[in-house]
Amino acid sequence: MSVWLLCALLFSLIGQTEQNGHPVPIEEVKVDSEESYCAPSDCGAWVLKVTWRDKFAEKNESKKVGYDIEVLHTEQMTPVHSETIHVMQDKTSYYHWKWTSPIPLQCTSHSVRLRRHNEQHIGEWTPLYTHKGRDLDAATTTVYPHDQVFVVGSNITFCCIVETDKRPLSVFLTPISNRTYISEPLLFEKPSMPNIDCDVEGNPSGSTMFIGYPPDDQNLTCITRNLNSLECHWEKGRNTHLTVNRKTNYTLNGRVCEFGKCVIHAVKKQVTNCTLVARNPLGVKTLTDTADPTHRVWLRAPSEISSVAHARKVTLQWSWNEEKYASFPMICQVKLNGRIYNKTFNGEGLSSAVLINLQPFTTYTAQVQCGSYEHFYKWGDWSEITEFSTKEDIPEALDVWIHYSEQTTSVLWKPLTQQQSHGMITGYEITIGKMKKELKTQLCYNITGIEKSGQIITVSANNSAGRSPPSTIIVPSYPGEIQNAVFHWLKRLCLNEVAFIIFTENEVDVGRINSSKGGLEMSWEEYPSSTCGYVVEWFPTYKKTQCAVAWEKIPKCDSGACETWKRSGIFEEGVRYTVSVYACTDDSPKLLKRSEGYAIEKKPGKVENLKGKNKGRNVELSWDEVPLEQQNGFIQSYKIVTLLSGSETAESHINTAWTEVPEVNLKLDPGFYTFRVSAITSRGEGDYATHKMNVETIDQMISATIVVCSTVTLIFMIITVLCYRKRKWLKKVFYPDIPEPKLAGKWMPKGINCTEMTEGYMKCEIQEVHGLEHPSISESLHGHDLISSNSRVVPAQHFNQNISKSPVDVSYCPLEKLTSIIENASYNLTIPEPVGVAQISDLSLEMQDAYLPIPKFVQNNFAGKVSEGYKPQTAYLTDA
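These figures come from a predicted structure and were not determined experimentally.

Draft legend 1. Highlighting the sheet that holds strand β20 (residues 255-257). Read from one edge of the open sheet, four strands run β20-β19-β22-β23, paired in antiparallel fashion. One side of each edge strand has no neighbouring strand; the edge strands of this open sheet are β20 and β23 (283-291). The mean angle between the axes of side-by-side strands here comes to 25°, regardless of whether they run parallel or antiparallel. With three bridges joining them, strand β19 (residues 249-252) and β20 adopt antiparallel strand pairing. Looking at the pairing, T251 lines up with V256 of β20.

Draft legend 2. Quick peek at the sheet that holds strand β36 (residues 444-446). Reading across the sheet, the three strands line up as β32-β33-β36 and stay open at both edges, with antiparallel pairing between neighbours. Whereas interior strands pair on both sides, the edge strands pair on one side only; in this sheet they are β32 (400-404) and β36. For this sheet, the mean inter-axis angle between neighbouring strands, taken without regard to orientation, is 20°. The sheet contact formed by strand β33 (residues 409-413) and β36 spans three bridges and is antiparallel. Residue pairing across strands places L412 opposite C444, the latter belonging to β36.

Draft legend 3. Representation of the state of the cysteines. Enumeration over the complete set of coordinates arrives at six disulfides. Here C222 pairs with C232 through a disulfide, and the sulfurs are 2.1 Å apart. Classification of the bridge connecting C222 and C232 rests on its S-S torsion, roughly 100°, and on that basis the disulfide is right-handed. Here C222, found in strand β17 (residues 218-224), pairs with C232, found in strand β18 (residues 230-235); they are ten residues apart in sequence, far enough to count as distant. In terms of burial, C222 and C232 fall into one category: buried. Disulfide partner of C532: C584, at an S-S distance of 1.7 Å. Handedness here is read from the sign of the S-S torsion; for C532 and C584, about -55°, the answer is left-handed. Taken together, the positions of C532 in the loop between β44 (519-523) and β45 (534-540) and C584 in the loop between β48 (576-583) and β49 (590-598) put the pair 52 residues apart, joining distant regions of the chain.

Draft legend 4. Highlighting the pairing of β45. Most of β45 sits inside the fold, with seven of its seven residues counted as buried. Side chains of β45 alternate between two faces, with Y534, V536, W538 and P540 and V535, E537 and F539 buried alike. Judged from the five bridges that link them, β45 and strand β46 (residues 550-554) form a sheet pairing that is antiparallel. Paired with E537 across the strands is W551, a residue of β46. Note: β45 against β48, seven bridges, orientation antiparallel. For V535, the partnering residue across the bridge sits in β48 and is Y582.

Cut-offs and rules
Residues numbered from 1 in each chain as written. Predicted model: local features only at pLDDT ≥ 70, side-chain atom pairs only at ≥ 80, totals over all residues. Heavy atoms only, no water. Pairing = 2+ DSSP bridges. Helix = DSSP H or I, 4+ residues; strand = E, 2+ residues; numbered from the N terminus. Axes fitted to C-alpha atoms, helices over the stretch in contact; angles between N-to-C directions. Disulfide = S-S within 2.5 Å. Buried < 20%, exposed > 50% of the residue type's maximum accessible area, 1.4 Å probe, protein only.

Honestly, that's just the spatial picture; any functional story needs more than this.
In structure tokens form, the structure reads like this:
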């Protein structure tokens, strides 16, 4: 009890001593700042550090000592922070305290003071200890902080230091000293690089900030690739959005490295610890990994990959660039045409692999990758792609069909696919009995006229590797029962047995097939006698060519779902197909069903030969159906549109009718109508044909006939009267008088003087006087008489047969016979040679008006006069 009283008395004396003006001072007080991480050294300090020493605490037996600390803005002595702390006594008696300012410490000077604060008493404040700000000596306008890094989500207060007696014009509104103004706290919610400007009287100054994230690297993993060293890899995680000198730096086990290039050399076969430190201005992230190198092997890619190919297998070979791989047990896999081959390969330092069951005459691509066989960690890198082609092999057997039509019988076979041909097909060989035929590219052969019952026909395909197994067709023994198609194909069973199948076709009703999503769908009832499935045959109904038949075999199944066939994408739009289903039996396949249909219908073509007849008000329209090749679908109906043509307006619609047959009867009022007829399928209406006709009643037709006949009669009567009154004018126009010919110049008449002689002879003398005005005649007759004459004795009977009864004017006798018809002188002025008169040329005729030749009737008239007793002792005929 006395001890406690003594201690209380001692503390009381100590306190009394300090209160009496003899305090124990707080010594060695220091105020400093902790610089932030930034490129310039004066980018902005935020942490104020205070250290001090207290000798009173050394004498104090209490374990804790309390202090009051106060921070003020020096210039205005404005308190900005106060705090009471309790610290444990330290043997050195040096105490430390840190405070983070809401604004950079460079904005203005900060002062700090301390005092003891115990339970019994509170001490005196120490003097002010000041950390100077940049507002005391700044020469230009400056913004703090600047070029500094902050984490996303920070609230930052900026300050602007200006010259004395000046004030910024922007967001800096609150003064904290004579030269410093601060902004409201600004929130940065996403990564960015904002610029903060301080404009003083048109002279802006600014600061750039960098807003980002601290490092977020994850999943450190260290592996070995060359069996000599460890390579460490990790994921960067979230992007920090910091670049250049603010980006993240890395160290691995104390050694600086870069992302993806951190290596630990001289790896031993023991567990190794790896530590990665990622650091940027906003934080530090540490990752660790513990690994056994023998369990972390990641092999590199094989190099120099090559191949040796055969028809159905290939050998791949490669090499390694790492020496230690030669004895390292590994497992490898191959990627063939982009898919993993179904077998792996293993061995020490493996460098080859054999791939089997390949397709002949096919191009492949291959890649190889390997991993550790004993402690598999992961597959290594893929090698480069190598390409190779397998060699050719003999083709597979052909799928053959024999098709009977009305005109021909043909053997057809399907072209082999690339997987079936095993090479380039060079031709086909067909054998019919003892006859062999080589074919190049055709896929069918006409055997009409050479097939016989029971005859064997074989077809094979050829390529450079050889000939395919023959596909055999046996001509049926009862061809009379076959009406359309007979086929036979080579069927290979599991035990390589061969089955020959012959079938005949029976007639069935042809129905309509259902179309389904651009294809054809066929279903039928199960046939109990079917032993090897069904066969579906199809071909274009109206455009079938010799090789246009296609077929497909459907195997038999127990589920009962085999009685359905559906195909799409192989049919043309608007083409009708005939599809037949056959059941394959032990004896002969049986035709079960046949249908016709369109996979995709189109609009139909135009109807043809549209015509109409009317009986009074009843109009009967008829037309020919759309040709089958142009129907493009099943014709559902015909559309008949009736239009009435007006005199002043356009055609007006009267009615629309539909019919399923190519004819229709309409009852219409009299008028002029236009009829439009078009066919309709499920895809719509086709082009229309047009016919126009006038619809009249019987009364109207009789009236029209009477009016027409009356009009024609009246016109005929008017023409008759006019022709009678103008008959002379018409005669002059159409039948003018024949003018008399007139010779130019002065001529004397010429004539023939005949004197009857004894013994039945007559003497005729031809005289002609030549004109004096013709130059050529004047010169030729110079010194001679202008009258020339010639005489001749002829039998009188010849003369009497040709001279006409009445006197006529003639020019001269014909050339050889005086008994010839005397023609118009204006048409024949040639002087006959027997007369002997000199030839006269260049005679011109002057005609009076126009004229027609005189008919030859002179001879009969003249002979008549002689018979009447006329005695032509002298006959004198002259020109007019």
